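Residue-level listing of the chains:
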Amino acid sequence: MRNVMHTLWRWIDLPFKFAAVALITLYRYTLSAFVGRTCRHAPTCSEFTGEAIWRFGFWPGGWMGLARLSRCRPGGTHGYDPVPERLPEAGRWYLPWRYGRWK
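Quick caveat: nothing in here was measured; it's all calculated off a predicted structure. (Residues numbered from 1 in each chain as written. Predicted model: local features only at pLDDT ≥ 70, side-chain atom pairs only at ≥ 80, totals over all residues. Heavy atoms only, no water.)

Here's the deal with the overall build of the protein chain
Then, number 1: Along the backbone of the protein chain there are four helices and two strands.
Then, number 2: Ordered by position from the N terminus, the helices and strands of the protein chain form the series α-α-β-α-α-β.
Then, number 3: Sorting the 103 residues of the protein chain into buried and exposed places 30% on the buried side.
Then, number 4: Here the contacts in the protein chain between residues at least 6 apart in sequence split such that 71% fall between residues at least 24 apart.
Then, number 5: Surface accessibility of the protein chain: about 7,500 Å² in total, with carbon and sulfur atoms responsible for 67%. (Helix = DSSP H or I, 4+ residues; strand = E, 2+ residues; numbered from the N terminus. Buried < 20%, exposed > 50% of the residue type's maximum accessible area, 1.4 Å probe, protein only. Contact = heavy atoms within 4.5 Å. Areas by Shrake-Rupley, 256 points an atom, 1.4 Å probe, with all protein chains shown as cover.)

In structure tokens:
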């Protein structure tokens with residue numbers, strides 16, 4: 001039963017993944033030129049969020065991207081910060097803030 005629900009959720013999540021990654025790509029090639037390309041991380045925040053959404057799904061990947069954007073502020077982190085290989089153990093759909101690294 002768990003495998004059936006997991007497969008069903010992957011099919012439901014697919015349109016959200018495509019839409020989110022398309023919007024991020026649109027931002028990267030249009031608006032980011034006006035905002036300025038000054039991300040202090042590698043990969044950039046938009047690349048990180050797009051990859052996290054594509055790898056883990058819209059809900060966990062979106063929260064990971066939001067946590068990354070919160071770190072990209074004055075006094076925040078900098079340097080190489082890749083998308084994690086797997087989801088955090090504490091992450092649950094009903095506790096979505098646990099997907100991101102907030103510090």
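A closer look at the nonpolar core
Then, number 1: Among the nonpolar cores identified, the biggest contains six residues, and these are F48, A52, F56, M64, V83 and Y99.
Then, number 2: For this core, the element with the most residues is helix α3 (residues 45-56), which contributes three residues.
Then, number 3: Contacts of V83, omitting those with residues within four sequence positions, involve F48, E51, A52, R55 and F56. (Core = buried A, V, L, I, M, F, W, Y, C linked by side-chain atoms within 4.5 Å.)

Observations concerning the environment of F56
Then, number 1: Examined against the element boundaries, F56 turns out to sit in helix α3.
Then, number 2: Along the backbone, F56 and R86 are 30 residues apart, and their C-alpha atoms lie at a distance of 8.1 Å.
Then, number 3: Residues contacting F56, with those up to four places away along its chain left out, are G61, M64, V83, P84, E85, R86 and L87.

Here's the deal with unusual backbone geometry
Then, number 1: Along the chain, A42 connects to P43 via a cis peptide bond; the corresponding omega equals -5°.
Then, number 2: Considering the arrangement of structural elements, one finds P43 in the loop between β1 (41-42) and α3.

Points about the environment of V21
Then, number 1: Relative to the helices and strands, V21 resides in helix α1 (residues 2-29).
Then, number 2: Separated by 32 residues in the primary sequence, V21 and I53 place their C-alpha atoms 7.3 Å from one another.
Then, number 3: Look past the residues within four positions of V21 in its chain and what remains in contact with it is G50, I53 and W54.

Just geometry here; none of it tells us what the structure is for.
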